[in-house]
Amino acid sequence: MPTLHWIGKDKVVNHHHDVPFHILDKKYSFPTDLSGFENLTGLNKIIHGDNLLALKALLPEYEGKIKCIYIDPPYNTGNENWVYNDNVNHPQIKKWLGQVVGREAEDLTRHDKWLCMMYPRLKLLHKLLADDGAIFISIDDNEVSHLRLIMDEVFGSGNFRNHIIIKRGTKSVQAQFDSIDKLGIACEHLVCYSKNISYKLPQFYFDLEEAKEGTWNNHWRGTDRPTMRYEIFGITPEEGQWRWGKQRSEIAIENYKKCENDIKNKNRVVNQKNIDDWYLLNAIEKEIDLLRLSKNNKPEHYIAPTDKKFGHNLWTDLMVNGTSEYNKYSEIKFDNPKNSKIIERIFKWVGGKSDIILDSFAGSGTTAHAVINLNKADGGNRKFILVEMEDYAENITAERVRRVGGEFDFYELGLPLFEEDGNLNEKVPTEKIREYIYFMETKALPNMGEAGYFLGKHSETAYYFYYEKESQTNLDYDFLSTIKIKAEQYVIYADNCLLTKAYMLEKHIIFKKIPRDISKL
Ligand SMILES: C[S@@+](CC[C@H](N)C(=O)[O-])C[C@H]1O[C@@H](n2cnc3c(N)ncnc32)[C@H](O)[C@@H]1O
């Protein structure tokens, strides 16, 4: 498979493993914080912070659970006047590049920088995506070819699904010149990859603005199949064929007779409108066929009325830009918010009604708006997780979600779980470390009410975190005598173990050392 190389690549390909694990620090809930403590049950989240750290922090709870990811990363146009950092020159990203890529970072072109920024984030997004999930990425000509190549690398080229074209407004400045550098750009791209090659996308239809009434199609066609030449309505074709096999045609003729009789029995005229009404009432679910003789004595079969049209990758019925919609909900300028209809179309197409949807380049929060719109329209219960690095995460992103009626918890990136020397960060509340360990061990959330060193019981294993900030803890007979929970196996974290191997084997006790075995989780 062809692969892309750029300056700094070797430093970032495995960087996602080294990204420190930070806790997420809940600041408030909207509408109000009734519970008083962290709600871990998967409510909507808006996280303020660099998505590299935020995505890593989401891993314990959400690895493999996100059904649909939509991201709209910086396009890297080189235009620094945008509200957000379009060309990866944000001080935080620059600092990060300096640390990760080192001195080489000084020589990077803007494309190298963009790739260094994107690669580890895509790796983490890949981990978060469910096996039956899909990721959609908005991008324009500046980075689309690079993006496709690194997506092939991170997600696998076999998981490439579509490159969708969306319309964007064109500028007519070029009209004054006789010769031009290139054609005006009238489209952007939406690139879609799945997590698994075996994943099947649901069928996709465009909604028609106006429903089309039923029509009739000639039942004969020219392809030569003698076995499909049989008698209906006293006609047997001498060449060509009927569209369907004999049995299907005969059933369709009976269906039409029934349809006609039903309409006549209601003292109605057999016209197209009444046939359509009959079909929508009686046959749409079963998708039955109808076949009749036309006024010109030619057999014809029915094409049902529809408000949908078979879809494809040209989504030029949608404009990329969603400024007018955004302006309804904010007085603060935000350049180039996306049209929420694009994002609604994606989620309606690929997702279920209770999916968790992630956008780690949230901007003005269009993804949350789309989720809220869609839930209102179809009664769904989709959840969103947004990450935004800029300080406007509060007064633009969260504010828009508030104004469109969304509920969410707002988080800041909290402290790292480990110090640089590998020890547990003593400033992190013990409760957070307990949650982390229990979740990483069991993929379940600890019982908030559990006191002392007991974390919880899962699949007949009892978990203990014997930890004191100020002193060393020893797993010994004294500690064991405090254990009241009956389980088939015990996993106990402590600083040291004073029990013999034979005793632990006999009592089904597994010792895990703090912090070594936590950092391995
Ligand atoms: C193109 S905008 C997204 C616009 C959004 N789709 C909308 O409709 O409003 C990209 C956003 O990603 C944010 N961003 C860039 N790098 C980031 C990072 N490392 N972590 C989190 N957010 C980041 C930018 O601040 C910007 O708001």
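Rules behind the numbers
Residues numbered from 1 in each chain as written. Predicted model: local features only at pLDDT ≥ 70, side-chain atom pairs only at ≥ 80, totals over all residues. Heavy atoms only, no water. Helix = DSSP H or I, 4+ residues; strand = E, 2+ residues; numbered from the N terminus. Rg over C-alpha atoms; globule rule 2.2 N^0.38 Å. Buried < 20%, exposed > 50% of the residue type's maximum accessible area, 1.4 Å probe, protein only. Contact = heavy atoms within 4.5 Å. Areas by Shrake-Rupley, 256 points an atom, 1.4 Å probe, with all protein chains shown as cover. Lys, Arg positive; Asp, Glu negative; His and termini not counted. Charge placed at Lys NZ, Arg CZ, Asp CG, Glu CD. Pairing = 2+ DSSP bridges. Axes fitted to C-alpha atoms, helices over the stretch in contact; angles between N-to-C directions. Near = heavy atom within 4 Å. Polar contact = N/O pair within 3.5 Å; in protein donor to acceptor, adjacent residues only side chain to side chain. Nonpolar A, V, L, I, M, F, W, Y, C, P; charged D, E, K, R; others polar. Parallel < 35°, antiparallel > 145°, perpendicular 65-115°, else oblique. Salt bridge = Lys/Arg side-chain N within 4 Å of Asp/Glu carboxyl O. Phe/Tyr/Trp six-rings, centres within 6.5 Å; stacked < 30°, edge-to-face > 60°. Patch = residues over 30% accessible without salt bridge, like charges linked within 9 Å, V, L, I, M, F, W, Y side chains within 5 Å. Domains from an automatic or database assignment. Expected span 1.5 Å × (residues − 1). 1 Å grid on protein atoms, 1.4 Å probe; cavity = no way out; pocket = protein on both sides within 12 Å on 5 of 7 lines; lining within 4 Å. Points joined across faces, edges and corners; volume = space filled by probe spheres on them. Left-handed = near helix turned anticlockwise from the far one by under 90°.

Participant: Just to check I follow, could you spell out the overall build of the protein chain for this structure?
Facilitator: A count of helices and strands for the protein chain gives 16 helices and 23 strands. For 521 residues, the compact-globule estimate of 2.2 N^0.38 gives 24 Å, and the C-alpha radius of gyration of the protein chain, at 30 Å, exceeds that figure by more than 25%. Each principal axis of the C-alpha distribution contributes one length, and for the protein chain these read about 95 × 70 × 50 Å. Taken over 521 residues, the protein chain has a buried fraction of 49%. Counted over contacts in the protein chain with a minimum sequence separation of 6, partners at least 24 positions apart contribute 70%. About 26600 Å² of surface is accessible on the protein chain, with carbon and sulfur atoms providing 49% of the total. For the protein chain, the centre of its 70 positive side-chain charges and the centre of its 77 negative side-chain charges are spaced 5 Å apart.

Participant: Even after reading the chapter, I still don't get the sheet that holds strand β8 (residues 215-218), so can you show me in this structure?
Facilitator: Hydrogen bonds between backbone atoms are what pair the strands of a sheet, whose relative direction is either parallel or antiparallel. Judged by pairing direction, the sheet is antiparallel, and its three strands sit side by side in the order β8-β12-β11 without closing on themselves. In this open sheet, the two edge strands, each paired with only one partner strand, are β8 and β11 (291-293). The average undirected angle you get between the axes of adjacent strands in this sheet is 40°. Inspection of the sheet shows β8 paired to strand β12 (residues 299-303) by four bridges, in the antiparallel sense. Counterpart to Trp216 in the pairing with β12 is Tyr302. In this fold helix α7 (residues 246-265) packs onto β8 and β11, with an angle of close to 75° to the strand it touches most, β11.

Participant: In this structure, what is going on with the site of the ligand? I would like to understand it.
Facilitator: Surveying the vicinity of the ligand reveals 23 residues, the closest of which are Asp72, Ser364, Thr366, Glu388 and Tyr392. A distance of 2.7 Å is found between a nitrogen atom of the ligand and a side-chain nitrogen or oxygen belonging to Asp72. Measuring from a nitrogen atom of the ligand, one finds a backbone N or O atom of Met389 at 3.2 Å. Burial of the ligand by the protein chains amounts to 99% of its free accessible area of 600 Å². Residues belonging to the shell around the ligand are distributed by class as follows: 10 nonpolar, seven polar and six charged.

Participant: Honestly, the packing of α7 against helix α8 (residues 272-282) in this entry has me stumped. Any pointers?
Facilitator: Two numbers describe a pair of packed helices, the interaxial angle and the distance between the axes. Relative orientation of the contacting elements α7 and α8 amounts to 110°, with a least axis distance of 10 Å. Accordingly, the angle class assigned to the pair α7 and α8 is roughly perpendicular. When α7 is examined against α8, the residues Asn255, Tyr256, Cys259, Asp262 and Ile263 are found in contact with a partner set consisting of Asn274, Ile275 and Trp278.

Participant: How should I be thinking about the pattern of salt bridges in this particular structure?
Facilitator: Pairs may arise between side chains of opposite charge once their charged atoms sit close together. The tally for this structure, following the rule as stated, stands at 33 salt bridges. With a shortest N-O distance of 3.7 Å, Lys67 and Asp355 are connected by a salt bridge. Remark: Asp355 occurs in the loop between α10 (340-350) and β15 (356-359) and Lys67 occurs in strand β3 (residues 66-71); sequence separation between them is 288 residues. Assessed through its relative accessible area of 7%, Asp355 is described here as buried. Among the ionic pairs, Asp517 bridges to Arg516, the shortest N-O distance being 3.1 Å. Residue classification places Asp517 among the buried positions, given a relative accessible area of 12%.

Participant: Mind showing me how you'd approach the packing of aromatic side chains here?
Facilitator: By convention here, two paired aromatic rings are described through the distance between centres and the angle between planes. The tally for this structure, following the rule as stated, stands at 27 aromatic pairs. Arranged with centres 6.1 Å apart and planes meeting at 65°, the rings of Trp315 and Trp349 form a pair that is edge-to-face. With a gap of 34 residues between them, Trp315 in strand β14 (residues 314-319) and Trp349 in helix α10 connect regions that are remote in the sequence. Trp315 sits in the buried class, given a relative accessible area of 1%. A centroid spacing of 5.0 Å and a plane angle of 75° characterise the contact between Tyr477 and Tyr503, whose relative ring orientation is edge-to-face.

Participant: Any chance you could explain a nonpolar patch on the surface here in plain terms?
Facilitator: Together, Phe177, Ile180 and Leu183 make up a nonpolar patch on the protein surface, roughly 340 Å² of accessible area in all. In this structure, Phe177 sits in the loop between β5 (160-167) and β6 (187-194).

Participant: So what exactly am I meant to see when it comes to the domain arrangement of the protein chain here?
Facilitator: It is common to give the size of an interface as the accessible area that goes away when the parts come together. On domain assignment, one finds that the protein chain holds domain 1 (9-204 + 312-416), domain 2 (207-309) and domain 3 (430-519). The C-alpha-based centres of domain 1 and domain 2 are spaced at 47 Å.

Participant: Would you take a moment to explain helix α3 (residues 51-62) for this structure?
Facilitator: Owing to its 3.6 residues per turn, the α-helix aligns residues three or four sequence positions apart on the same side. With 12 residues, α3 should reach 16 Å at 1.5 Å per residue; the first-to-last C-alpha distance of 14 Å falls well below that figure. Buried residues dominate α3, accounting for 12 of its 12 residues. If you check which residues of α3 are buried, you get Asn51, Leu52, Leu53, Ala54, Leu55, Lys56, Ala57, Leu58, Leu59, Pro60, Glu61 and Tyr62. At the N-terminal end of α3, a side-chain oxygen is found 3.0 Å from the backbone nitrogen of Leu52, two or three residues along, and the residue is Asp50.

Participant: Honestly, empty space enclosed by the protein in this entry has me stumped. Any pointers?
Facilitator: Counting across every chain of the model gives two cavities of 30 Å³ or more. In this model, the second largest cavity occupies a volume close to 30 Å³. Here the residues of the lining of the second largest cavity are counted per class, giving four nonpolar, two polar and two charged.

Participant: How do you make sense of a negative patch on the surface when you look at a structure like this?
Facilitator: On the surface, Glu419, Glu420, Asp421, Glu426, Glu468 and Glu470 cluster together into a negatively charged patch. Take Glu470: it is sitting in the loop between β19 (461-465) and β20 (474-475).

Participant: Please explain the packing of helix α5 (residues 110-128) against helix α6 (residues 144-155) as it appears in this structure.
Facilitator: At their nearest, the axes of α5 and α6 sit 10 Å apart, and the two run at 35° to each other. Viewed along their axes, α5 and α6 form a crossing whose handedness is right-handed. Listed contacts from α6 to His111, Trp114, Leu115, Met118, Tyr119, Leu122, Lys123, Leu125 and His126 of α5 are His146, Leu147, Ile150, Met151, Glu153, Val154 and Phe155. In terms of residue class, the contact of α5 with α6 is made up of 11 nonpolar, three polar and two charged.

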